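# Observations on chain architecture
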Amino acid sequence: MKTLLLLPALALLTAAGGTMAQTRIPGPFAGASVADQHRYETERLRQRSQDQAAFARQTQLGARLTQQDLRAARAPEPYIPLQPLVPQTPEAARRDREATVSGVTQIDDWLARTPR
């Protein structure tokens, strides 16, 4: 007797489960074929990529404008005119040359040392 009561209940659950599996969820793909779903997704990704590229260009332009503003606001470097060379006396030139040579001869002496 119990099995007779369980049989119709089981049949109802099976029928209800089958209809639940066949119902479609409403959304952007309701009634669309697989190819339409792929086309929609491809278009969405393409649009997203274009939006990101436009944002990157806008950011680069903003950065360039900021750099230009900073360069324009920077104080210009002062103009320092070249000083004319004052001719030296031969004694002063010899003194400068000897001071330079005395610092360099230490390296020459080290390079010219006898090998051990």
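Residues numbered from 1 in each chain as written. Predicted model: local features only at pLDDT ≥ 70, side-chain atom pairs only at ≥ 80, totals over all residues. Heavy atoms only, no water.

## Side note on the pattern of salt bridges
Formally: One speaks of a salt bridge when a side-chain nitrogen belonging to Lys or Arg is within 4 Å of a carboxyl oxygen belonging to Asp or Glu. Each helix is a run of H or I in the DSSP string that is no shorter than four residues. Each strand is a run of E no shorter than two, and both are numbered from the N terminus. Any residue under 20% of the maximum accessible area for its type is buried, any over 50% is exposed, and the rest in between are partly exposed; the area is computed with a 1.4 Å probe on protein chains only.
Scanning the model with the defined rule gives three salt bridges in all. The salt bridge involving arginine 44 is made with glutamate 41; its shortest N-O contact spans 2.5 Å. Here the residue arginine 44 and the residue glutamate 41 both occupy positions in helix H2 (residues 34-73), the gap between them amounting to three residues, near one helical turn. A relative accessible area of 37% means that arginine 44 is categorised as partly exposed. Between arginine 46 and glutamate 43 there is a salt bridge whose closest N-O contact spans 2.8 Å. On the criterion of helical spacing, the pair formed by arginine 46 and glutamate 43 is a turn pair, its members being three residues apart in helix H2.

## Concerning helix H3 (residues 90-111)
Spelled out, the test is: Every helix has an expected span of 1.5 Å times one less than the residues it contains. One axis fitted to the seven residues ending at a residue, another fitted to the seven starting there: the angle between these axes is the bend at that residue.
Here H3 spans 31 Å end to end across 22 residues, near enough to the 32 Å set by a 1.5 Å rise per residue. Considering bend angle alone, the principal kink of H3 is centred on valine 104 and spans about 35 degrees.

## Topic: the confidence of the model for the chain
The cut-off we apply is this: Scored from 0 to 100, pLDDT records how confident the predictor is in each individual residue.
Mean pLDDT over the chain works out to 81, with 74% of the residues at or above the 70 mark. Here helix H1 (residues 2-22) stands out as the element of the chain with the lowest mean pLDDT, 57, in contrast to H2, whose mean of 95 is the highest.

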